[in-house]
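Descriptive analysis of the structure
Each chain, written out:
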Amino acid sequence: MATAANIVVTPVETPPPAAPPAPTAPGLVDGRVAEERVSVASQWQLMWWRFRKHRLAMVSAGIVALFYLGVIFADFLAYADPYASEGQRTLLPPQAIHLFDDGRFAPFVYGIKGERDLTTFKRVYVEDTSRKLYVRPFATGFDYKLLGFIPTNMHLIGLDGAPTETNLFLLGGDLQGRDLWSRLMYSTQTSLTIGLVGVTLSLLFGVVLGGIAGYYGGFADTVIQRLIEVLFSIPSIPLWMGLAAAMPRDWGIVQVYFAITVIISLIGWTTLARVVRGRFLSLRDEDFVKAAELAGAGPWRIIFVHLAPLFLSHIIAATTLALPAMIISETALSFLGLGLRPPAMSWGVLLQQAQNVQTVALSPWLMIPAIPVTIVILAFNFLGDGLRDAADPYGV
Amino acid sequence: MALLSVRDLRTYFVADEGTTRAVDGATFDLYAGKTLGIVGETGCGKSVTARSILRIVERPGRIVSGEILLQRDGGYIDLAKLDPDGREIRRVRGGEIGLVFQEPMTSFSPVHTVGDQVIEAIQLHRRLDKARARARAIELFRMVGISRPEGRLDEYSWQLSGGLRQRAMIAMALAAEPRLLIADEPTTALDVTTQAQILELLRDLQRKTHMAIMLITHDLGVIAEMADDVVVMYLGRVVEHGPVDQIFHAPKHPYTQALLRSIPGIQHEARVKLPTISGSIPHPFARPAGCPFHPRCALVMACAAAPDGVCCDHHEPELITVEEGHSVSCHLYRKKGAAVPLALESAR
Amino acid sequence: MLTYLAQRIGLGILTIWVVSVLSFVIIQLPPGDYVSTYLAQLAEQGSTASAAEAESLRVEYGLDQPVYVQYAKWVFQMVQGNFGMSLDWKRPVADVIGDRLALTMIVTVAAILFTWILALPIGIYSAVRQYSVADYIFTFLGFLGLAVPSFLLALVLMYFGFVVLNANIGGLFSPEYADAPWSLAKAWDLAQHLPIPALVLGLAGTAQLVRIMRANLLDELRKPYVITALAKGLSERRAILKYPVRVALNPFASSIAFLFPQVVSGSIIVSLVLSLPTVGPLLLRALLAQDMFLAGTIVMLIGVLTVIGILVSDLILMWLDPRIRLYGRR
């Protein structure tokens, strides 16, 4: 029995013999060429090919890129000074923009007349159809520094013949009569960068602590693991609220901005640390690491040449997925009045005006900032998903 | 009269990337009290054949043609025509055909006790109350040689050793005394001693119950020991079919011959590289035209040299009976003057 | 099993300790101590307290002693049920919180139940009918549920309730029951008000759970024991429900552990929009008014309740998974 039972058919794989050449269908030839291309492609190339197939992720990448372009050129896109408040324009509804004037392409808006309703004491606005205000591209407006160092006063659009600040309200005006569109541009700048700064800090914490846990294992791993578990089981919002409320009232915008990012990333690092630790643990014992070690590669070479590419892709994906949580956190805190405070602008700060249902019912456009929040978060989620799938190019 | 006849069975997996012909024209018979061994490399369609018989091929796989005739009450029913989730096929599964397969670790649910799963199998096919079904389960456990059966019933599969788990699996397959037991690599995951015990158990059970066994394996040793008849499969096709002695002592197909050559033997010279079969199994989407084995075959006949212009890379060979009960699918055994088979372009 | 339980309880105690330190930090962070804030408030209202009175207050709260003694005192008093005085409300913190804590938990549990009831069938369906039209629709809705922060969803729902139904869909009680003592009628009124907060709070979690259930079940459906079950003669529906769904339920149960803190977190801010009488609005008011004893206590109690919630989920998991019951691990 013993000899017979151990006979196992194990054909050893050897290259096919040169002859006889198999006649192949054209499809097969293409298949081989494709296969060859795949086998010589670098890892990043493989990831790109894989990512490209994820249509939703590609579209999301475009959307995210557009938003960050908006962040860079916020001052240019804003046509009105975001702080210029006008008592005569409070809660002005969004204005209709008319594209054609007498069959000719010439976008214009009508002038606005504000009156106070003597019975309800509310301001009501009517269009003054006798006054056409033409919208001009690349108009001059308030002064700013493009990209932070080029002084200019050119904006994407502006009005002809009347001050833009008091006459153009594409998305309506807020409680103080400030232009919502322009404020939204600056808010996007704050909200999207605060997420980036927060995620960078989280990444730093996460990589260092997760790396230590995964690399050293043992006691350090246990301590860090427990810490992560504890932080996971604490409801984060009340904690953030408490810490944010403890910030001194007299701090300036910049100080508050950084304090908020620190507070948010204090808890946000846990997810990233988990990813890093998990990758470290699973890769440490891989055969190719052993092989590299045996071939004489030092620890740094192994980490940067062999492990980092595998790592990096996962970290990029995890970071992308962590960003929306950061953005939501900031928005939530500011919405509560515990995060950024006016005169700073962020999506949460803008939405604070929409806290009251009665106000929103009368001026629903105050909820408009919720739209970019949703779009950006959705886009980041899809993008992160696509990246995560692509990060493992050899997987199924 | 055969207990189960498989006739030209074809099971394909149709996906966007292409069609995989997992089983591509398999024909064989199973007889009561006999063991049919099915042997071949990984991916040759052995397991899919077994699953096709029970109609549990996973999506997107599906039987495209062929018959699976199960003898019942003097006649036959064609399993291939039944509704795969219907009442009739469910009566066959477990009731008339039992299945044991290769991964005893994961063949049991980890969150249900072994007893729960065996009793369920009994109650599906026998009208027994819980207590009687339990008594029957204990009896089955004893029959397959599990000591302390009462206690084992309440354990979870991961608390049992590999050998015990496989015995429990066999007990479950035998719950309703099936007439046919399909054993798909039943000993692959076990160590050699346990392997021998399980095979011994199967032989023993066959003697007692006179059931037919379809034994699927890639281990020629197991085949040599257990089977009465052997089917050699390659890329979903039966390449050779015959009595076990013929297959081992007078193999006809070049593939069978190559398989047997690649076995280490006790009389072989030590420290010499074993002969191997050149090349590897082609990708399922890129099946070679003609005889699927021709790119790896040492005796391949090119068109110019072949008699009657029948060549391996062009014409698909049919099963040719070389002697009583022994058939082979190879152009080498074509009788002169026989009809020229159609040239089939297999690769698409 | 006992080791596992001991481990989980140990982690719970550790968590409570960390929360207590953080809560204490929140109480201590603002400049000035409790008594000086109190005195300042008294002065604002025109009345004054004597220096002796102030000193006795300082001694009572241990403010003249080092920080760790103050911390120990605070913890010790809390264990006895004395949470200190609320500056803002001029009443003991325990009184101010009242049944708001219980209501917070009711809303949280309702949201988690909602999450489960919705996520389970959808998850099963999406896995069994992978890549079907409904699967794609659920996946998309799931992403949307994840992307819309719960307080924004609450805002939008309130707006539509107000504009379309012309009704206030917020709150947990009808006006006539808001201050009424507890009765069956009041409980029924509460039950009728629960669905909207449960929906708002549970949507993100539902989306997460559907994805978890779908992924787990897809894994489990490929396991050999499913084929074993089918080969026995079980129908596909029964085989799937009895085996892979049952196995995939384990990670599902452990999801409470992260769902609980998440929903409690969400409830704080959603309560504000939907004006629910939970601890959320109280916490915000306390923080804005620098009423730190009240705020710290609320953070602390929420932490403790979350730990209890997680322990309950561990018990459910132990009951569900024999591997944990017998070996203390999976």
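Refer to the structure presented above.
The following refers to the structure shown. Remember, it's a predicted structure, so these values are computed and weren't measured experimentally.

Here we come to the interface of chain C and chain B. On the side of chain B, 31 residues touch chain C, which itself brings 25 residues to the contact. When the buried surface of chain C facing chain B is broken down by residue, Ile227(C), Ala231(C) and Lys232(C) rank first, second and third, together holding 24% of it. The interface formed by chain C and chain B holds three salt bridges in total. At the junction of chain C and chain B, the tally comes to eleven residue pairs in polar contact (both at pLDDT 80 or more). Looking at the side of chain C that touches chain B, the elements with two or more residues in it are helix H12 (224–232), helix H13 (236–242), helix H14 (244–254) and helix H18 (322–327) of chain C. Ranked by residue count, the leading element in the side of chain C that touches chain B is H12(C), at seven residues. Of the residues assigned to the side of chain C that touches chain B, the class counts are twelve nonpolar, four polar and nine charged.

Before going further, it helps to spend a moment on the sheet that holds strand E1 (residues 98–101) of chain A. Strand-to-strand pairing in sheets goes through backbone hydrogen bonds, with the strands running parallel or antiparallel. Residue and element names in this part refer to chain A. Taking strand neighbours across the sheet as the criterion, the four strands line up as E1-E2-E3-E4 in an open arrangement whose pairing is antiparallel. The open sheet has two edge strands, E1 and strand E4 (150–159), and neither has a second partner. Averaged over all adjacent pairs, the angle separating strand axes in this sheet is 50°, with direction ignored. Relative to strand E3 (residues 123–146), strand E2 (residues 104–116) runs antiparallel, the two sharing nine bridges. Across the sheet, Tyr-110 pairs through a bridge with Lys-132, a residue of E3.

A few words now on the nonpolar core. Counting 143 residues, the largest nonpolar core has Leu192(A), Met241(A), Leu338(A) and Ile97(C) as the members making the most contacts within it. Considering each element in turn, this core owes the most residues, eleven residues, to helix H6 (residues 100–128) of chain C. For Leu192(A), the contacting residues outside a window of four places in its chain are Phe67(A), Tyr68(A), Val71(A), Ile327(A), Trp347(A), Val376(A) and Phe380(A). Within the second largest apolar cluster, 85 residues are counted, among which are Val114(B), Ala175(B), Ile182(B) and Met226(B).

The next thing to look at is the sheet that holds strand E2 (residues 18–30) of chain B. Residue and element names in this part refer to chain B. Spatially, four strands are ordered E2-E1-E4-E5 in an open sheet, and the strand pairing comes out antiparallel. Each edge of the open sheet carries a strand with a single partner, namely E2 and strand E5 (75–78). Averaged over neighbouring strand pairs, the angle between their axes works out to 15° when direction is ignored. Here strand E4 (residues 61–72) runs beside E5; their pairing, made up of four bridges, is antiparallel. Residue pairing across strands places Leu-70 opposite Ile-77, the latter belonging to E5. Here helix H1 (residues 46–54) sits on the sheet and contacts strand E1 (4–15), E2 and E4; the angle it forms with E1, its principal contact strand, is near 105°.

Next up on the list: a nonpolar patch on the surface. Nonpolar side chains collect at one region of the surface, where Leu66(A), Leu69(A), Ile72(A), Leu147(A), Phe149(A) and Ile150(A) lie side by side and expose about 600 Å² of accessible area between them. Top contributing element to the nonpolar patch by residue count: helix H4 (residues 55–72) of chain A, with three residues.

Rules behind the numbers
- Residues numbered from 1 in each chain as written.
- Chains lettered and ligands numbered in written order.
- Predicted model: local features only at pLDDT ≥ 70, side-chain atom pairs only at ≥ 80, totals over all residues.
- Heavy atoms only, no water.
- Contact = heavy atoms within 4.5 Å.
- Buried area = accessible area lost by both parts, 1.4 Å probe.
- Salt bridge = Lys/Arg side-chain N within 4 Å of Asp/Glu carboxyl O.
- Polar contact = N/O pair within 3.5 Å; in protein donor to acceptor, adjacent residues only side chain to side chain.
- Helix = DSSP H or I, 4+ residues; strand = E, 2+ residues; numbered from the N terminus.
- Nonpolar A, V, L, I, M, F, W, Y, C, P; charged D, E, K, R; others polar.
- Pairing = 2+ DSSP bridges.
- Axes fitted to C-alpha atoms, helices over the stretch in contact; angles between N-to-C directions.
- Core = buried A, V, L, I, M, F, W, Y, C linked by side-chain atoms within 4.5 Å.
- Buried < 20%, exposed > 50% of the residue type's maximum accessible area, 1.4 Å probe, protein only.
- Patch = residues over 30% accessible without salt bridge, like charges linked within 9 Å, V, L, I, M, F, W, Y side chains within 5 Å.
- Areas by Shrake-Rupley, 256 points an atom, 1.4 Å probe, with all protein chains shown as cover.

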